[in-house]
Amino acid sequence: MDIHLWLRGLLERCFGALALIVAASGLSSAQESWPSRPIKLVVPLTAGGGVDMMARLTAQHLSDQLGQQVVVENQGGAGGTIAANQVARSRPDGYTLIFQSVSAAVVNALVYRNLPYDPIKDLIPVTLAGSFPLVLVANPDLPAKTLGELIALLKANPGKYSYGSSGVGTMPNLAGELFKSMAGVDVVHVPYRGNSAIMTDLFAGRVSMMFDGPPTQLGNIQSGKVRALAITTAERSPVLPEVPPMADTLPGYAIPFWTAIFAPANTPKDIVERIAAETNKAMKHPEVLRRFGEIGVVGVGSSPQELDRFWRQQLDYLGKIVQDANVKPVE
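Residues numbered from 1 in each chain as written. Predicted model: local features only at pLDDT ≥ 70, side-chain atom pairs only at ≥ 80, totals over all residues. Heavy atoms only, no water.

**Student:** An account of the sheet that holds strand β8 (residues 209-212) is needed here, citing residue identities and associated values.
**Tutor:** Spatial ordering of the open sheet is given by β7-β6-β8-β5-β9, a layout of five strands whose pairing is mixed. The two strands at the open ends of the sheet, each matched to only one other strand, are β7 (188-191) and β9 (227-231). Across the sheet, the mean angle separating the axes of adjacent strands is 30 degrees when strand polarity is ignored. Sheet topology places strand β5 (residues 135-138) next to β8; four bridges connect them, and they run antiparallel. Across the sheet, the residue bridging to Val 135 is Asp 212, located in β8. Packing of helix α6 (residues 171-183) onto the sheet brings it into contact with β6 (162-165), β7 and β8, and relative to β6 it is tilted by some 155 degrees. Each of β5, β6 and β8 is contacted by helix α7 (residues 195-204), which is oriented at about 145 degrees to β8, the strand it contacts most. (Pairing = 2+ DSSP bridges. Helix = DSSP H or I, 4+ residues; strand = E, 2+ residues; numbered from the N terminus. Axes fitted to C-alpha atoms, helices over the stretch in contact; angles between N-to-C directions. Contact = heavy atoms within 4.5 Å.)

Structure (structure tokens):
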């Protein structure tokens, strides 16, 4: 045996093993040092709404806790699918996340065809952030002051009254369709492109009612511009304590509106767990509790595993509503 060839081979194997050790050490160190630069939190909506406010407050406290800036980037359009596709295609390193609502996280998977990404496989759950009910509001001239009276009115006048929503397949649309099914009433659905147009027609009496979030309806309810008839969660809302749950009249009715943080698939598990833990901590901060409470939002916080179970339950539950109501997929 040539001693020189043997020594050369031995040295190459040693250097190869050393390179692997260094690479592994570097990867571990990189993950352990996360975050080492700013984090982007994408909100698939334009700035200014309730979900945007929740995201910004969460980002502010995550920035303080992590020692790196968490920057909110608003990217509306196409029901949130443009933003979700961007995040799904981002590098899975914990520096690009999405703060999305049930509409983007669940409903898009049920009603959109031919998406450029897979809503179920390309984004992974990190933590449930907040939850709040929708509220059923009606034009104050509608001759019904309670949900029971509304149901009786609608049964006596099939097809006469209408409800507006921000579009086919949105959560307000699904809330309305579940109401129609459980109450056995015929109400015409009128889809709009946004809430401002619905409110104009609701104030004028051109549509009779709508489902919406408390953050945008509290002022209208308090001023008497609309009448609140019921909320869509089983528990009463602290900001609308006099408004009963739909389930008091229609047992089993439940349509919570929730928000959660998701990350690109294959984001390292330890980073996902860290984000979840830090968000849970933020949800318990007195300022977050106060600010969320002012608009009727309950800060939740969860483990990735808890959100995964809840998310999949929501996919099944809302999927049945879509199927039973024959909500047509969006092309």
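What follows continues from the structure just given.
**Student:** Give a description of unusual backbone geometry that names residues and reports values.
**Tutor:** Of the consecutive residues Trp 34 and Pro 35, the connecting peptide bond is found in the cis state with omega at 0 degrees. Relative to the helices and strands, Pro 35 is located in the loop between α1 (3-32) and β1 (39-43). The backbone phi angle of Asn 326 is positive, close to 55 degrees, even though this residue is not glycine. With respect to the helices and strands, the residue Asn 326 is situated in the segment after α11 (304-324).

**Student:** Hey, could you go over the nonpolar core for me, with residue numbers and the actual values?
**Tutor:** With 85 residues, the main nonpolar core has Leu 150 and Phe 179 as its most contacted residues. Setting aside residues up to four positions removed in sequence, Leu 150 forms contacts with Leu 136, Leu 142, Ala 144, Phe 179, Met 209 and Leu 229. Among the nonpolar cores identified, the runner-up in size contains 16 residues, and Met 199, Leu 218, Ala 228 and Ile 231 belong to it. (Core = buried A, V, L, I, M, F, W, Y, C linked by side-chain atoms within 4.5 Å. Buried < 20%, exposed > 50% of the residue type's maximum accessible area, 1.4 Å probe, protein only.)

**Student:** Talk me through the sheet that holds strand β3 (residues 96-101); I want residue IDs and the actual numbers.
**Tutor:** Overall, mixed pairing links the six strands, which are arranged β2-β1-β3-β10-β4-β11 in an open sheet. Only two strands of the sheet have a single partner each, and these edge strands are β2 (70-74) and β11 (298-299). Across three bridges, β1 lies against β3 in parallel orientation. Looking at the pairing, Lys 40 lines up with Thr 96 of β3.

**Student:** Can you break down the packing of helix α2 (residues 50-66) against helix α10 (residues 286-294) residue by residue, with the values?
**Tutor:** Interhelical geometry of α2 versus α10 gives an angle of 175 degrees and a closest axis separation of 11 Å. The pairing of α2 with α10 is recorded here as roughly antiparallel in orientation. Here α2 contributes Met 53, Met 54, Leu 57, Thr 58, Gln 60 and His 61 to the contact with α10, which in turn contributes Glu 287, Val 288, Arg 291 and Phe 292. Classifying every residue of the contact of α2 with α10 gives five nonpolar, three polar and two charged. (Parallel < 35°, antiparallel > 145°, perpendicular 65-115°, else oblique. Nonpolar A, V, L, I, M, F, W, Y, C, P; charged D, E, K, R; others polar.)

**Student:** Just give me the short version of empty space enclosed by the protein, but keep the residues and values in it.
**Tutor:** Scanning all chains against the criterion turns up one cavity of 30 Å³ or more. A volume near 30 Å³ is recorded for the largest cavity. Lining the largest cavity we find Trp 34, Ile 39, Leu 62, Leu 66, Val 70, Leu 97 and Ile 275. A per-class count over the lining of the largest cavity returns seven nonpolar, no polar and no charged. (1 Å grid on protein atoms, 1.4 Å probe; cavity = no way out; pocket = protein on both sides within 12 Å on 5 of 7 lines; lining within 4 Å. Points joined across faces, edges and corners; volume = space filled by probe spheres on them.)

**Student:** Tell me what's going on with the pattern of salt bridges, and back it up with residues and numbers.
**Tutor:** Under the defined criterion, the tally for this structure stands at eleven salt bridges. For Glu 177, the salt bridge goes to Lys 180, with nearest N and O atoms at 3.5 Å. Taken together, the residues Glu 177 and Lys 180, both in helix α6 and three residues apart, mark about one turn of the helix. No difference in accessibility class separates Glu 177 from Lys 180, as the two residues are buried. The closest approach of N and O atoms between Asp 324 and Lys 320, which form a salt bridge, is 2.7 Å. Highlighted residues: Asp 324 and Lys 320, both in helix α11, separated by four residues, approximately one helical turn. Relative accessible area serves as the criterion here: at 53%, Asp 324 is assigned to the exposed category. (Salt bridge = Lys/Arg side-chain N within 4 Å of Asp/Glu carboxyl O.)

**Student:** Lay out the packing of aromatic side chains with the relevant residues and their values.
**Tutor:** Counted according to the given criterion, the structure contains five aromatic pairs. Seen in terms of ring centroids, Phe 262 and Trp 311 are 5.2 Å apart; in terms of plane orientation they differ by 70 degrees. Their pairing is edge-to-face. With a gap of 49 residues between them, Phe 262 in strand β10 (residues 256-264) and Trp 311 in helix α11 connect regions that are remote in the sequence. The pair formed by Phe 262 and Trp 311 is uniform in burial state, with each residue classed as buried. It is Arg 37 that lies over the ring of Tyr 95; its NZ or CZ is 3.8 Å from the centre. (Phe/Tyr/Trp six-rings, centres within 6.5 Å; stacked < 30°, edge-to-face > 60°. Lys NZ or Arg CZ within 6 Å of the ring centre and 35° of its normal.)

**Student:** Please set out the confidence of the model for the protein residue by residue, giving values where relevant.
**Tutor:** For the protein, the mean per-residue pLDDT works out to 89, and 89% of the residues sit at or above 70. Here residues 22-30 is a poorly scored stretch, pLDDT under 50, and it has zero contacts once near neighbours within four places are set aside; other chains count. (pLDDT = per-residue confidence, 0-100.)

**Student:** Any details on the pairing of β9? Residues and values, ideally.
**Tutor:** The buried count for β9 comes to four of five residues, which makes it a mostly enclosed element. As defined by bridge partners, β5 adjoins β9 across four bridges and the pair is classed as antiparallel. When the bridges of β9 are listed, Val 137 appears paired with Ala 228.

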